[in-house]
Amino acid sequence: MGGSTSAFAASGLGTSTSPSAFGNVYEGMMLADRMSPTKIKPNSQASFDIVLKPQNSDGYFQKAMDVNDPTKTDFKNYLTPDQIKQNYGQTADVINGWTSLLKENHLTTHVYNNGLVIYVSGKAKYVDKLFKTDLNTATYHNDPVQFGKSKPNIPSNLKDAVLAIVGMADHNKKFFFPDTDVSFDDNVPLIPDKPTASAYGNTSTFAKNYDVDSLYNQGLTGKGQTVGIISFGNVTTSDLTHFWKHENANDSKSRFNMVKVKGNVYKGGLDTGSDSEATMDAEYAGSVAPQANINMYYAGSPIPTLINLLNDYLTAYDDNNVTSLSSSWGIGPNNYFQILEKMNLIPSQYIQVLNLVLAQSALQGISNFVAAGDNGALNYTIVGVSGKNVMMDRSISDVDPYVSSPWVTSAGGTTAAFRKHVLVNDKVVGTIEATKERSWGTDYYWPFLRSYPNYLLNMPENWNQILGGSGGGFSHVYQTPSYQEGVPGINTFNAREYLSQLSQPVYDSTLIHGTDTGRNYPDISANADVTTGYLTYQKSSGWNVSGGTSIVTPQFAGVAALINSKSGNSRMGFWNPQLYQLATKDNSPLHPLNDTENNSNLYYTGQPNTVYNQASGLGTVDFGKLLDVYK
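Here is a short report on the structure shown in this document. Each chain carries its own residue numbering, running from 1 in the direction its sequence is written. Local features in a predicted model are, by the rule used here, given only for residues with pLDDT of at least 70; side-chain atom pairs are given and counted only at 80 or more, and totals for whole chains, interfaces and linings are based on all residues. Hydrogen atoms and water are omitted, and side-chain values are computed over all heavy atoms in the structure.

Section: empty space enclosed by the protein
- Buriedness for pockets is judged along seven lines, at least five of which must meet protein on both sides within 12 Å for an open set on the 1 Å grid over protein atoms alone, while cavities are sets there where a 1.4 Å probe fits but cannot get out, and lining residues have an atom within 4 Å of a point. Grid points are joined across faces, edges and corners, and a volume is the space filled by probe spheres set on the points. Counting across every chain of the model gives four cavities of 30 Å³ or more.
- Of the volumes computed, that of the second largest cavity is approximately 110 Å³.
- Contributing to the lining of the second largest cavity are 17 residues, with Asp170, Phe175, Thr305, Leu306 and Ile346 lying nearest its centre.
- Mapped by element, the contributors of at least two residues to the lining of the second largest cavity are α11 (306-319) and α12 (334-342).
- If one sorts the elements of the lining of the second largest cavity by residue count, α12 sits on top with three residues.
- Residue composition of the lining of the second largest cavity, by class: 14 nonpolar, two polar and one charged. Going along the chain from the N terminus, every DSSP run of H or I of four or more residues is numbered as a helix, and every run of E of two or more is numbered as a strand. Each residue is assigned to one class: nonpolar for Ala, Val, Leu, Ile, Met, Phe, Trp, Tyr, Cys and Pro, charged for Asp, Glu, Lys and Arg, and polar for all the others, Gly among them.

Let's talk about the sheet that holds strand β4 (residues 108-111)
- Being paired, for any two strands, means DSSP has found at least two bridges between them. The four strands are arranged β4-β5-β3-β6 in an open sheet whose pairing can be described as antiparallel. Since the sheet does not close on itself, it has two edges, and those belong to β4 and β6 (162-166), each with one partner. The average undirected angle you get between the axes of adjacent strands in this sheet is 20°.
- Bridge count between β4 and strand β5 (residues 117-123): four bridges; the pairing is antiparallel. Among the inter-strand pairings, Thr109 is bridged to a residue of β5, identified as Val120.
- Relative to strand β3 (residues 45-52), helix α4 (residues 92-104) is tilted by about 165°, and along the sheet it contacts β3, β4, β5 and β6.
- Strands β3 and β6 of the sheet are contacted by helix α13 (residues 350-363), whose axis makes an angle of about 95° with β6. Axis definition: a line fitted to C-alpha atoms, limited for helices to the stretch in contact. Angles are taken between N-to-C directions and run from 0 to 180 degrees. Contacts: residue pairs with any heavy atoms within 4.5 Å of one another.

Here's the deal with unusual backbone geometry
- The omega torsion across Tyr521 and Pro522 is 5°, close enough to zero to call that bond cis.
- Even without being glycine, Leu602 reaches a positive phi, approximately 70°.
- The residue Leu602 is located in the loop between β26 (590-591) and β27 (620-621) in this model.

Brief notes about the packing of aromatic side chains
- Note on ring pairs: Phe, Tyr and Trp rings are taken, using the six-membered ring of Trp, and paired if centres are within 6.5 Å. Classes follow the plane angle, with under 30 degrees stacked, over 60 edge-to-face and the rest tilted. Under the defined criterion, the tally for this structure stands at 39 aromatic pairs.
- Both rings, one in Tyr313 and one in Tyr317, keep their centres 6.0 Å apart while their planes meet at 45°; by these two values the pair is tilted. Placement of the pair is Tyr313 and Tyr317 together in helix α11, with a separation of four residues, close to one helical turn.
- What makes Tyr313 buried here is its relative accessible area of 1%.
- Partly exposed describes any residue whose relative accessible area lies between the buried limit of under 20% and the exposed limit of over 50%, with all areas from a 1.4 Å probe on protein chains only and scaled to the type maximum. Since its relative accessible area comes to 0%, Tyr317 is described here as buried.
- Counting every residue linked through ring pairs, the aromatic cluster contains Tyr60, Phe61, Tyr88, Trp407, Tyr483, Phe574, Tyr580 and Tyr612.
- Whether a charge sits over a ring depends on NZ of Lys or CZ of Arg being within 6 Å of the ring centre and within 35 degrees of the ring normal. The ring centre of Trp244 lies 4.3 Å from the NZ or CZ of Arg255, which sits over that ring.
- Arg394 extends its terminal NZ or CZ atom over the ring of Tyr380, reaching a point 4.5 Å from the ring centre.

Topic: the nonpolar core
- Counting 159 residues, the largest nonpolar core has Trp98, Phe131, Trp575 and Phe623 as the members making the most contacts within it.
- In terms of residue count, the dominant contributor to this core is α13 (10 residues).
- Each nonpolar core is a collection of buried residues, namely Ala, Val, Leu, Ile, Met, Phe, Trp, Tyr and Cys, held together in the definition by side-chain atoms within 4.5 Å. In this structure, Met29, Phe418, Leu467 and Leu602 belong to the second largest nonpolar core, which totals 23 residues.

Brief notes about the sheet that holds strand β13 (residues 379-386)
- Strand order in the open sheet made by the four strands is β7-β2-β14-β13, with antiparallel pairing throughout. The open sheet is flanked by β7 (177-179) and β13, the only strands paired with a single partner. Pairwise comparison of adjacent strand axes, ignoring direction, gives a mean angle of 45° for this sheet.
- In this sheet, β7 lies alongside strand β2 (residues 31-35) in antiparallel orientation, the contact comprising three bridges. The residue bridging Asp33 from the neighbouring strand is Asp179, located in β7.
- The strands that α12 touches are β7 and β13; relative to β13, the one it contacts most, it runs at about 25°.

A short note on the pairing of strand β14 (residues 389-395)
- In this structure, β2 lies alongside β14, joined through three bridges in antiparallel fashion. Looking at the pairing, Ala32 lines up with Val390 of β14.
- Pairing between β13 and β14: seven bridges, direction antiparallel. Counterpart to Val385 in the pairing with β14 is Val390.
- Taken together, β13 and the strand that follows it, β14, pair antiparallel across an intervening segment of two residues, in which Gly387 is found at a positive phi of about 60°.

What to know about the pattern of salt bridges
- A side-chain nitrogen of Lys or Arg and a carboxyl oxygen of Asp or Glu constitute a salt bridge if their distance falls within 4 Å. For the structure on display, the rule yields eight salt bridges.
- With its nearest N and O atoms 3.2 Å apart, the salt bridge here joins Glu433 to Arg419. Here Arg419 lies in strand β16 (residues 418-424) and Glu433 lies in strand β17 (residues 427-434), a separation of 14 residues in the sequence.
- Classification of Glu433 by relative accessible area gives partly exposed; the value is 35%.
- In this structure, Arg496 engages Glu597 in a salt bridge whose closest nitrogen and oxygen atoms are separated by 2.9 Å. One end of the pair, Arg496, is in the loop between β20 (492-495) and β21 (512-515); the other, Glu597, is in the loop between β26 and β27, and 101 residues separate them in sequence.

Examining the environment of Gln504
- Relative to the helices and strands, Gln504 resides in the loop between β20 and β21.
- Put simply, Gln504 and Trp463 are 41 residues apart on the chain and 9.0 Å apart in space, counted from C-alpha to C-alpha.

Here's the deal with helix α10 (residues 276-288)
- Its 13 residues give α10 an end-to-end C-alpha distance of 18 Å, which sits within 8% of 18 Å, the value for a rise of 1.5 Å per residue.
- Of all 13 residues in α10, 12 are buried; the element is thus mostly enclosed.
- The opening residue of α10, the one whose side-chain oxygen lies 3.0 Å from the backbone nitrogen of Glu277, is Asp275. By this rule the span expected of a helix is its residue count minus one, scaled by 1.5 Å. Any pair of nitrogen or oxygen atoms within 3.5 Å is treated as a polar contact; in protein, a donor-acceptor pairing is required on top of that, and neighbouring residues in sequence qualify only through side-chain atoms on both sides.

Following this line, the structure appears as structure tokens:
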């Protein structure tokens, strides 16, 4: 990849900084305001999901893997939602029994087509009466339908069919979200700049660097395909069409469809109307696949509650015309959910429920991409709550169970080759650079910071510039999935301590070699660094530069739409089983980033002579070659 030279501006290198400036920086890293739910009144609308146990749960997950594995006889025998219901959904007696009981108690139901999830809504007073609880104090018990001191009178055959009820305690006054960007939103703030297409990458740069151009040269445009966007933000359609026109894509507003998803609103008044993250996702999915339709699934709430995430996916599945999905949102580190579970505010089966729903995309042959995160290997974790504050720390071992699920293709990030000047008071004081494409980690600042040790001391407001990197490492929530077993680099690692626990740069650290277990993530990567970022457009702010693994996912989903649009092709389905098989072959379309120097996500580096590295997964993809070898 070719590098570019431009300026990175800063000011005040020689000025002094008050202790309060450091206090503000570290407070933002270690503490967040506690966001509490909106109180539910008797006549308030409430909602929750009843998740039912699948018939033959083991068969459900095995089928989801087998239909995506070219070595299995079931390969490509994808199921429709109705077929999933017939084979694995609950019985009609159970579903009809639940819907009748809820209707008798003045509650409305919507049964998703898989026969496994029932969405329920109605006035809080009716929910309280049926379940003998108060939604403002509801907690989970061992009994799957109990949320108060007394067990409700639910027929045993209905109760026994329940895996979990999700969302019932979301409005408990003890429920909390940290009001912060760092751990719950993969969005990278836009840089206030006036970039030009020649200075920053856009769709054409992605297409050139990863050989998407060869797909275009074969006439593939994504026509007839639908890319789904899982979203917790709204968009302005005219922003999308303006961007698509700039990128020479179909700029008809009819390409875009905002799909209203059933769900709950954790806290009212937070919807901003036009979200930069959601806008970026739709812009790039629709520019990489210039003739594909774009469906955005949005529950009308900017808070990624578990119920809203599940319903986003279930709605997309029910449409049954989405062939690839992209999500740029995380739902938080697993320790956060463990804290909620100990407080009885989330069902203990949350991992089972999450993967039950995510595996459905594999069953239906939908390629599902989720951003791996933008904080490097040292993820922000929640260690407790004190009054109105949420206490945070950084940990290598606490991972979001959603972005590291074995049922998604986890999208990691790289940094494209570049060279930029660092300016202070309009004077060049140093440079930062990557001489070739590398795993995304901002340790390329280290030589400059070493030469100018007062840079962050005097300007702590710039600290976040050195904290960006691709999510990646080991998720101990899961066992190593079958498609990763035996792949060189899986469950072994190289690493260095690039950051101290207080996020201070560490120089000349020793290379560590080790082994670990669990789900290794990400799976594949592409340029995500905002330093080598992408143009995005919103009328309210104009053209800006953005980045993050959240801009990689919609581009991967767009590529899937391109390949799916080739005449005679069946759906690509879940990429991971084939990707890991292809990675070990001589004609692999994957390019691992194996260097141990200048190639980290601020902890993990490359592993020479392997095909997998935790900083960037299987590496980058030659999509022209992938089209040729993907079955």
